[in-house]
Amino acid sequence: MLSVQNVSMSFKERNVLNNITFTVKENTINIIMGKSGSGKSTLLGIMSGLLKPTSGQVLFMGNDIYRWGDFRRSRFRNKTIGFVFQFFNLLPDLTAYQNILYPTIINPFSQNRRKDVDYLIEYLGLERIIHNYPRTLSGGELQRVAIARAIINRPKIVMADEPTGNLDDDTADQIISLFNDIRKTQGIAFVVVTHETRFLNIADTYYRIENSTLIKQPFPSETSTHAPSTTFLDNQRKQPRRLIAIKSPQQSKKPKKRVIAD
Amino acid sequence: MFYILRNIALITKDSIRNIFRTMISSFGIIILIAFVVMYIPFRESVKRYLETNIFGKLAINEIVIYPPNVRKNNIITPSSSISGEISAEKIRRIAAFPEIQTMHKVVRLDFKTKLHISLFGYTRYPYVPICGVSKEYLKGKIIGWQNFKNTQPVPIVAPKLVIEMLNEFLVIKNMPPLEENALKGLPLNILIFEPPMENRPEKELQIPSTLLGFADVFPFPTVLVPSEYITSFAEMKRKELGLKKRGYKYIMAIATVKEQKYLPEVARRIQNMGLVVESQQDIASKTNKALEIIDRFSYAVIGILLFITIISIFNSYLNIVYIRSYSFSLKRIIGVSKLRIILEFVLESAIVGTLLGAIGFFLGDRMLSYASQKIGQWIPALRNIVVTSSSENLLWFSIFFSIVISSLSALLPAIFASNINLFKASRK
């Protein structure tokens, strides 16, 4: 789906990434680890069309995104990519609800916007805080709002940059579980840049960046002593559901009925 | 459609949210607009005052045109014009210049003429040239002049020298001298001599006339009558006697130009026709130069103010971009294009420009109104100046000017905003 081919990136004299090749397949969780400053976030920036690599290509469905103009690349980012960050990065002047809604406003093809937002609010258990401003929310709440904003436009890929880096262990467990649920129920692929080894429990692929090079890693037999014991949905409502807009062709014949999936 | 509407709503909400900060940043526009709003009407009022009250009285727009013979050895002697002539064709050409506003032609009756004066039983017959000028030229200067109906007695205006001559004569005869007003209305006769013809000698015509007043209108001794009388008399005699000559000639013309700035060019063109021109060109050119210097100085002040305002607003907008870099970068990540970031920022500054332009206009208008009341106290020389308040056009100009300044100042910061190192900014 999204393929990085022979990408290198230098900042002045410093070579950050060297000849990276990497593919994100549908419905997968891809973990990238590495030391601080190894170029993990830079790779996310390149994959999302925000940092043009020094050399190499980023292909989406076979098209090089850096051959597109800024307008088309912005559309691509709005529609196809969702972002989750360590520090949540919500717009401080907007309420949680407005933050979730924002990407749909600038998406000319969005439909059922408010229904989708309402569904996500219920799905992520945000009803109580939805009219609050970000400064009044806890870390876990902020990250759930950020996740809702990331997936509201039904993206193909969510890129997460240290999504649990600012959360306590229990909340981090919930977020990891939530990623797994979203992958299963919504069919969204994840690229997660993290130091958190518990993500390996839900990962399909695992890479490390060392010496500016991306190296595929085998899964360790014992990845964590503190693996999440329950899924996010166990904690929330035990009933994972799809976003109403993400439906199979058969399901789309009944547009008003919300489909419940296991 | 809904997409456009919801985005307009979003941009408007965003602008309103940030408008207070942006307005404070662009505060300098108010001062600049207020200054412009005060300066333009004040300058116009001063210019109008100078033109109508000072230059108008100096007849600064006036050109006096003489025949070529008045220039002798490069010295102009206007009194010589009485014996010269300006051709009718040249008079017509000058009158047709687009820059000419009015033109008064001075004509001289081309017959031998005398004045028959009888006072206290004494009679005199001095030779006096009879000249004519249009009624409008002396309108308001000589009472009764404008009511001339081309009937007899013919109204005449004598040079002030005549009063002196009469009184000298009366003193010699041991009689008291007379005041100017006592001589007004004195009945006189104009004696016009028809030239001798083949079958008859010279013939004297007596034309009854009345002395309307005294004035040294022209730089030569002459008795003035309305030019209509001279032209109709000459036409009548030309037909009656079968004369080849027109019977009168143009000896001088007084023209006014529409604006002082045309004076040098019009004078040059008339001189090129071989005529002699006397005007207040020097005063006019010096005045124009003074006004130009004042204008240039004022424009320089406005230019410097404009420059400082733009730089200060630009700097403030850069600060705003820095403060809001977090939200700009987030918007870019969420999928807002660079162009949209630029447009949003410039639009926001244009909305602010509209508000500040209107505020600046009303502030300037109030200050102008106050200053126009106090100007006489501050500068006594300008106490007669009537400063008219700003027009509606100036309001629209102020708003437009303010929008342009605000938007231009915001353009570069907006481009910076759209080019922030987004991915790094988002990791704050």
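One can find the structure itself at the top, above this paragraph.
Every chain is numbered on its own, with residues counted from 1 as its sequence reads. Ligands are numbered from 1 and chains lettered from A, in the order in which they are written. Under the rules for a predicted model, residues below a pLDDT of 70 receive no local features and side-chain atom pairs below 80 are neither given nor counted, while totals for whole chains, interfaces and linings still include all residues. Calculated side-chain values reflect all of the structure's heavy atoms, with hydrogen atoms and water omitted.

Student: How should I be thinking about the overall build of chain A in this particular structure?
Tutor: In this description a helix means any DSSP run of H or I spanning at least four residues, a strand means any run of E spanning at least two, and both kinds are numbered starting from the N terminus. Per the secondary structure count, chain A includes seven helices and ten strands. Working definition: with a 1.4 Å probe on protein chains only, accessible area under 20% of the residue-type maximum means buried, over 50% means exposed, and in between means partly exposed. Per-residue burial for chain A yields a buried fraction of 58% across its 262 residues. For chain A, long-range pairs separated by at least 24 residues make up 69% of all intrachain contacts whose partners lie at least 6 apart in sequence. Here the open area of atoms and residues is found with the Shrake-Rupley method and a 1.4 Å probe, where only the protein chains shown may cover a residue. Accessible area for chain A stands at about 11600 Å²; split by element, carbon and sulfur atoms hold 45% of it. Whether two residues are in contact is decided by their heavy atoms: any pair within 4.5 Å suffices.

Student: Can you help me understand the nonpolar core in this one?
Tutor: A general trend in soluble globular proteins is that nonpolar side chains are found buried together. As used here, the term nonpolar core means buried Ala, Val, Leu, Ile, Met, Phe, Trp, Tyr and Cys residues forming a set that is joined through side-chain atoms within 4.5 Å. Ranked by internal contacts, the top residues of the largest apolar core, which has 84 residues, are A:Ile31, A:Ile100, A:Leu126 and A:Phe179. Tallying contributions element by element places helix H11 (residues 392-418) of chain B first for this core, with eight residues. Not counting chain neighbours up to four residues away, the residues in contact with A:Ile100 comprise A:Val117, A:Ile121, A:Leu126, A:Ile130, A:Val145, A:Ala148, A:Arg149 and A:Ile152. B:Val154, B:Tyr250, B:Leu263 and B:Val266 belong to the second largest nonpolar core, which has 52 residues in total.

Student: Sorry if this is basic, but what is going on with the sheet that holds strand E7 (residues 157-161) of chain A here?
Tutor: Strand pairing within a sheet occurs via backbone hydrogen bonds; the two strands may be parallel or antiparallel. Residues and elements named next belong to chain A. Sheet architecture is open: six strands sit in the order E6-E7-E8-E3-E9-E10, paired in mixed fashion. A strand with exactly one partner marks an edge of an open sheet, and here the two such strands are strand E6 (81-85) and strand E10 (213-216). Along the sheet, successive strands turn relative to each other by an average axial angle of 20°, direction set aside. Two strands are counted as paired when DSSP detects at least two bridges linking them. In this structure, strand E3 (residues 29-34) lies alongside strand E8 (residues 189-193), joined through four bridges in parallel fashion. Bridge pairing in E8 places Ile 32 opposite Val 193. Its contacts with the sheet put helix H5 (residues 139-151) on E6 and E7, and the angle it makes with E6 is roughly 170°. Axis lines are fitted to C-alpha atoms, over the contacting stretch for helices. Their N-to-C directions set the angle, which ranges from 0 to 180 degrees.

Student: Would you mind showing me how to read unusual backbone geometry here?
Tutor: Residue and element names in this part refer to chain A. Notably, Asn 211 is not glycine yet its phi reads approximately 50°, a positive angle. The residue Asn 211 is located in the loop between strand E9 (205-210) and E10 in this model. Backbone geometry at Ser 212 places phi at a positive 70°, although glycine is not the residue there. Along the chain, the position of Ser 212 falls in the loop between E9 and E10.

Student: I'm lost on the pairing of strand E1 (residues 62-66) of chain B in this one. Help?
Tutor: Remark: a regular strand shows side chains that alternate across the two faces of the sheet. Residues and elements named next belong to chain B. Of all five residues in E1, four are buried, a share of seventy percent or more. Relative to strand E12 (residues 248-257), E1 runs antiparallel, the two sharing four bridges. The residue bridging Glu 62 from the neighbouring strand is Thr 256, located in E12. Here E1 pairs with strand E13 (residues 276-279) via four bridges, running antiparallel. Its bridge partner being in E13, Ile 63 is matched across the sheet by Ser 279.

Student: What am I meant to see in the pattern of salt bridges here?
Tutor: Note that side chains of opposite charge can pair when their charged atoms are close. Residues and elements named next belong to chain B. By convention in these notes, a salt bridge is any Lys or Arg side-chain nitrogen within 4 Å of a carboxyl oxygen on Asp or Glu. Here the structure, examined in full by the defined rule, presents 23 salt bridges over all chains. Between Glu 344 and Lys 331 there is a salt bridge, and its shortest N-O distance comes to 3.7 Å. Of the two residues, Glu 344 is situated in helix H10 (residues 338-378) and Lys 331 in helix H9 (residues 325-334); the sequence distance between them amounts to 13 residues. Exposure class is identical for Glu 344 and Lys 331. Each is buried.

Student: Would you mind going over the interface of chain A and chain B with me for this structure?
Tutor: Accessible area lost upon the coming together of the parts serves often as the stated size of an interface. Listed per partner, the contact involves 33 residues of chain A and 25 residues of chain B. Here chain A packs against chain B, burying approximately 2500 Å² in sum over the two surfaces, 63% of which is carbon and sulfur. Buried area: the accessible area, evaluated with a 1.4 Å probe, that two parts lose upon being put together, summed over both parts. Among the residues chain A hides against chain B, the three largest losses belong to A:Tyr102, A:Ile105 and A:Ile106. Together they make up 22% of the total. B:Arg332 is paired through a salt bridge with A:Asp70; the nearest N and O atoms lie 2.8 Å apart. Listed by contribution, the elements that provide at least two residues to the side of chain A that touches chain B are helix H1 (40-47), helix H2 (70-80), E6 and helix H3 (96-105) of chain A. Sort the elements by how many residues they give to the side of chain A that touches chain B and H2(A) lands first, with six residues. Looking at the side of chain A that touches chain B residue by residue, the class counts come to 17 nonpolar, nine polar and seven charged. Ten residue types, Ala, Val, Leu, Ile, Met, Phe, Trp, Tyr, Cys and Pro, are classed as nonpolar, four, Asp, Glu, Lys and Arg, as charged, and the remainder, Gly among them, as polar.

Student: How should I be thinking about the environment of B:Gly360 in this particular structure?
Tutor: All names here are of chain B. Secondary-structure assignment places Gly 360 in helix H10. The class for Gly 360 is buried, based on a relative accessible area of 0%. Separated by 38 residues in sequence, Gly 360 and Ser 398 have C-alpha atoms that sit 7.7 Å apart. Every residue in contact with Gly 360, bar those within four places of it in the chain, is listed here: Ile 30, Ile 33 and Ala 34.

Student: Where do I start with the sheet that holds strand E2 (residues 14-24) of chain A in this structure?
Tutor: Residue and element names in this part refer to chain A. With antiparallel pairing, four strands are arranged side by side in an open sheet as E2-E1-E4-E5. Looking at which strands have only one partner, the edges of the open sheet turn out to be E2 and strand E5 (63-64). Two strands pair when backbone bridges link them, and strand E1 (residues 2-11) and E2 are joined in this way by seven bridges, in the antiparallel orientation. Pairing of Leu 2 across the sheet is with Val 24, part of E2. Relative to E2, H1 is tilted by about 55°, and along the sheet it contacts E1, E2 and strand E4 (55-60).

Student: Help me understand empty space enclosed by the protein, please; the structure alone is not making it clear to me.
Tutor: To find the voids left in a structure, one rolls a probe of water-molecule size over its atoms. Cavity and pocket criteria rest on a 1 Å grid covering protein atoms alone: a 1.4 Å probe that fits but cannot get out defines a cavity, protein on both sides within 12 Å along at least 5 of 7 lines defines an open pocket, and an atom within 4 Å of a point defines a lining residue. Grid points are joined across faces, edges and corners, and a volume is the space filled by probe spheres set on the points. The tally for this structure, following the rule as stated, stands at three cavities of 30 Å³ or more. Taken as a whole, the largest cavity spans an internal volume of roughly 110 Å³. The wall of the largest cavity is formed by 13 residues, among which A:Ile81, A:Gly82, A:Phe83, A:Arg149 and A:Ala150 lie closest to the centre. When residues of the lining of the largest cavity are traced back to their parent elements, those giving at least two are H2, E6 and H5 of chain A together with H9 of chain B. The element contributing the most residues to the lining of the largest cavity is E6(A), with three residues.

Student: Which parts of the structure should I look at to understand helix H6 (residues 169-186) of chain A?
Tutor: Residues that lie three or four places apart on an α-helix share one face, since the helix turns once every 3.6 residues. Residue and element names in this part refer to chain A. Its 18 residues place the ends of H6 25 Å apart at the C-alpha level, agreeing with the 26 Å of an ideal helix rising 1.5 Å per residue. Structurally, the start of H6 carries an N-cap: the backbone nitrogen of Asp 170 is 3.1 Å from a side-chain oxygen of Asp 168. The positive-phi residue at the C-terminal boundary of H6 is Gly 187, with phi of around 70°. To estimate the expected span of a helix, count its residues, drop one, and scale the result by 1.5 Å. N or O atoms closer than or at 3.5 Å make up a polar contact, with two conditions inside protein: a donor-capable atom paired with an acceptor-capable one, and, for residues adjacent in sequence, both atoms drawn from side chains.

Student: Even after reading the chapter, I still don't get the environment of A:Thr28, so can you show me in this structure?
Tutor: Residues and elements named next belong to chain A. Relative to the helices and strands, Thr 28 resides in the loop between E2 and E3. Classification of Thr 28 as buried rests on a relative accessible area of 13%. The spatial distance from the C-alpha of Thr 28 to the C-alpha of Ile 157 is 9.2 Å, given a sequence separation of 129 residues. Leaving out residues up to four positions away in the same chain, Thr 28 has contacts with Arg 183, Ile 188, Ala 189, Phe 190 and Asp 204. A distance of 3.1 Å separates the side chain of Thr 28 from the side chain of Asn 30, its partner in a polar contact.

Student: Hey, could you run me through the packing of aromatic side chains in this one?
Tutor: The description of an aromatic ring pair rests on the distance of the ring centres and on the angle between the ring planes. Under the pairing criterion, centres of Phe, Tyr and Trp rings, with the six-membered ring standing for Trp, must be within 6.5 Å; the plane angle then separates stacked pairs below 30 degrees from edge-to-face pairs above 60, leaving the rest tilted. What the rule picks out here adds up to 19 aromatic pairs over all chains. Measuring from centroid to centroid gives 5.7 Å for A:Tyr119 and A:Tyr123, while their planes differ by 10°, and the two rings are stacked. Separated by four residues within a single helix, A:Tyr119 and A:Tyr123 lie in helix H4 (residues 113-123), roughly one turn from each other. One exposure class covers both A:Tyr119 and A:Tyr123, and it is buried. Cluster of aromatic residues (ring-pair linked, three or more members): A:Phe60, A:Trp68 and A:Phe76. The ring of B:Tyr248 has B:Arg246 sitting right over it, with the charged end atom 4.9 Å from the ring centre. In this structure, B:Arg269 is placed above the aromatic ring of B:Phe97, and the distance from its NZ or CZ to the ring centre is 4.3 Å. Two conditions define a charge located above a ring, namely a distance within 6 Å from the ring centre to NZ of Lys or CZ of Arg, and an angle within 35 degrees of the ring normal.

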